Amino acid sequence: MNTPQRFIYADNAATTPVSSAVLQAMLPYFCEQFGNPSAIYSAGVRAKRAVEQARADIAACLGAQPEEIFFTSGGSESDNWAIKGVARRLAEQGKKHLVTSKFEHHAVLHAMRALEQEGFSITYLQVHENGLVRPEELAAALRPDTALCSVMYANHEIGTIQPIAQLGAICRQRGVLFHTDAVQAVGQVEIDVQEQNIDLLSFTGHKLHGPKGCGGLYIRRGVALQNLIDGGGQEMGRRAGTENTAGIVGLAAAVAAACSNIAAKAEQVSALRNRLIDGLRDLPDVRLNGDLIHRLPGNVNVCFSGIDGEALALMLDLRGICASSGSACTTGSNQPSHVLLALGVPPALARGALRLTLSNQNTQEDVDEILRVLPDIIHQLRSMP
Ligand SMILES: *Cc1c(COP(=O)(O)O)cnc(C)c1O
């Protein structure tokens, strides 16, 4: 194989490069402004000020108050904290039932599974063929002992966007806390935690051109949950550990940049996505997964019958194109994606999944190059014995 002439990154749902503006914002906090934000001397106070500015900036993007934003190590920790923290807290009041959906990220599903081991009972909402849960099914699932409902804002594999405000309203009305994993949604769609009746919301830096290992959890004022990380008194005594000042500054810069001009960027990226989808539709035996309207601007997810998605992703890599056969968490396991199975995609077809996720750094040339190389690869893979 010859070396690829170009590099096309079409896996933005897995992670994104740190933008140069974010990197510049972070740099002073490694070697110069390195003080411990808890220290009383001025180098500490300066770091503390940067952390608090970051908190305020992120809060402003989400319609929250600064004291409702807590920094964590990323989306997985935020999901675990929200779910386990609320469940264990409300179990004291005899509430040991939780509701979620079948196609959540593993950070949610495996946290739920861990709670099942502890004696909690979990209802898994059906995700219908369009990749959406139905509000009436959530309403029917709630019980007097339901503590929390967790439904993701936008799915990481198929990009479908749930009717979050409606789900939140149902929970609010029934006295059930509502958590949403918004890792894929922050910076892609307009979010207002007040208007959308959200009690807890998870986000992370590395999916929006910020650093890896730094994220946050919005916790509405008055919502009580157990700590997940005990130790020092950081984060108002609710999440211990010396603040990742550089990461937090980078996270805030990334969130603020992602949340500005959302509509214009969405229009640009969804035009690329639609061009890609239109081109893919011309290929034989291809199925598009997930609703086309209620969908993240950059997400394309298709299944090709009779091929292995992982082989397809490897062949694309040889042509300089980064794409995913599903979610990174299941790569190498050769199991069909639980998300696609939840939609009712037959397992054999689900193994032929390809996810292409675009950002505003992609170009029309990228899309056209993908569409140029795909037919050959598909044909080659299908003619293999
Ligand atoms: C990436 C992702 C996570 C995990 O976030 P990390 O910061 O990598 O721990 C959780 N939920 C969704 C929907 C994701 O896409």
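As a reminder, the structure under discussion sits directly above these lines.
Residues numbered from 1 in each chain as written. Predicted model: local features only at pLDDT ≥ 70, side-chain atom pairs only at ≥ 80, totals over all residues. Heavy atoms only, no water.

1. Looking at the pairing of strand S5 (residues 146-150)
On a regular strand, one side chain projects to one face of the sheet and the next to the other, so that they alternate. By the criterion of burial, S5 is predominantly enclosed, with five of the five residues buried. Relative to S5, strand S3 (residues 97-101) is paired through four bridges, and the arrangement is parallel. Looking at the pairing, Val-99 lines up with Cys-149 of S5. In this structure, S5 lies alongside strand S6 (residues 177-181), joined through three bridges in parallel fashion. Looking across to S6, one finds that Cys-149 is bridged to Phe-178. The β-α-β motif built from S5, the intervening helix H7 (residues 164-173) and the parallel element S6 has right-handed crossover chirality. (Buried < 20%, exposed > 50% of the residue type's maximum accessible area, 1.4 Å probe, protein only. Helix = DSSP H or I, 4+ residues; strand = E, 2+ residues; numbered from the N terminus. Pairing = 2+ DSSP bridges. Right-handed = clockwise from strand over helix to strand, strands pointing away.)

2. Considerations on a nonpolar patch on the surface
Where nonpolar side chains cluster on the molecular surface, the patch consists of Val-18, Leu-23, Leu-27 and Phe-30 and spans about 340 Å² of accessible area. Considering the arrangement of structural elements, one finds Leu-27 in the loop between helix H1 (20-26) and helix H2 (28-31). Residue classification places Leu-27 among the partly exposed positions, given a relative accessible area of 40%. (Patch = residues over 30% accessible without salt bridge, like charges linked within 9 Å, V, L, I, M, F, W, Y side chains within 5 Å. Areas by Shrake-Rupley, 256 points an atom, 1.4 Å probe, with all protein chains shown as cover. Salt bridge = Lys/Arg side-chain N within 4 Å of Asp/Glu carboxyl O.)

3. What about the sheet that holds strand S8 (residues 215-219)?
Read from one edge to the other, the open sheet built from seven strands follows the order S2-S8-S7-S6-S5-S3-S4, with strand pairing classed as mixed. A strand with exactly one partner marks an edge of an open sheet, and here the two such strands are strand S2 (69-72) and strand S4 (121-125). Taken pair by pair, the neighbouring strands of this sheet meet at an average axis angle of 20 degrees, ignoring direction. Pairing geometry for S3 and S4, over five bridges, is parallel. For Ser-101, the partnering residue across the bridge sits in S4 and is Leu-125. Contacting S2, S3, S5, S6, strand S7 (200-204) and S8, helix H4 (residues 75-91) runs over the sheet at an angle of about 160 degrees to S7. On the sheet, H7 packs against S5 and S6 and is oriented at approximately 155 degrees with respect to S6. (Axes fitted to C-alpha atoms, helices over the stretch in contact; angles between N-to-C directions. Contact = heavy atoms within 4.5 Å.)

4. As for the packing of aromatic side chains
Applying the stated criterion across every chain, the model contains two aromatic pairs. Ring centres 6.5 Å apart and planes at 25 degrees place the aromatic pair Phe-7 and Tyr-9 in the stacked group. Relative accessible area serves as the criterion here: at 22%, Tyr-9 is assigned to the partly exposed category. For the pair Phe-70 and Trp-81, a centre-to-centre distance of 5.9 Å together with 85 degrees between the ring planes defines the contact as edge-to-face. Here Phe-70 is found in strand S2, whereas its partner Trp-81 is found in helix H4, with eleven residues between them in sequence. In this pair, the class of Phe-70 matches that of Trp-81, namely buried. (Phe/Tyr/Trp six-rings, centres within 6.5 Å; stacked < 30°, edge-to-face > 60°.)

5. Quick notes on the sheet that holds strand S10 (residues 299-304)
Pairing within the open sheet is antiparallel, and its three strands lie in the order S9-S10-S12. Whereas interior strands pair on both sides, the edge strands pair on one side only; in this sheet they are strand S9 (286-288) and strand S12 (353-357). Ignoring strand direction, the axes of neighbouring strands in this sheet form an average angle of 25 degrees. Bridge count between S10 and S12: five bridges; the pairing is antiparallel. Bridge pairing in S12 links Val-300 to Leu-356. Sitting on the sheet, helix H10 (residues 262-281) touches S9, S10 and S12, and the angle it makes with S10 is about 10 degrees.

6. So, the site of the ligand
Among the 13 residues in the neighbourhood of the ligand, the closest are listed as Ser-76, Asp-181, Gln-184, Thr-204 and Lys-207. Here an oxygen atom of the ligand and a side-chain polar atom of His-206 are 2.9 Å apart. Within the complex, the protein chains bury 88% of what would otherwise be the 380 Å² of accessible surface of the ligand. The element contributing the most residues to the shell around the ligand is H4, with three residues. Across the shell around the ligand, the residue classes tally to two nonpolar, eight polar and three charged. (Near = heavy atom within 4 Å. Polar contact = N/O pair within 3.5 Å; in protein donor to acceptor, adjacent residues only side chain to side chain. Nonpolar A, V, L, I, M, F, W, Y, C, P; charged D, E, K, R; others polar.)

7. Details of the environment of Asp-282
Residue placement: Asp-282 occurs in the loop between H10 and S9. With a relative accessible area of 68%, Asp-282 lands in the exposed category. Measuring from C-alpha to C-alpha, the distance between Asp-282 and Pro-375 comes to 9.6 Å, with 93 residues separating the pair along the chain.

8. Overview of the environment of Asp-181
Here Asp-181 lies in strand S6. When its relative accessible area of 4% is taken as the criterion, Asp-181 is described as buried. Put simply, Asp-181 and Ala-252 are 71 residues apart on the chain and 18 Å apart in space, counted from C-alpha to C-alpha. At 3.0 Å, the side chain of Asp-181 and the backbone nitrogen of Val-183 are in polar contact.

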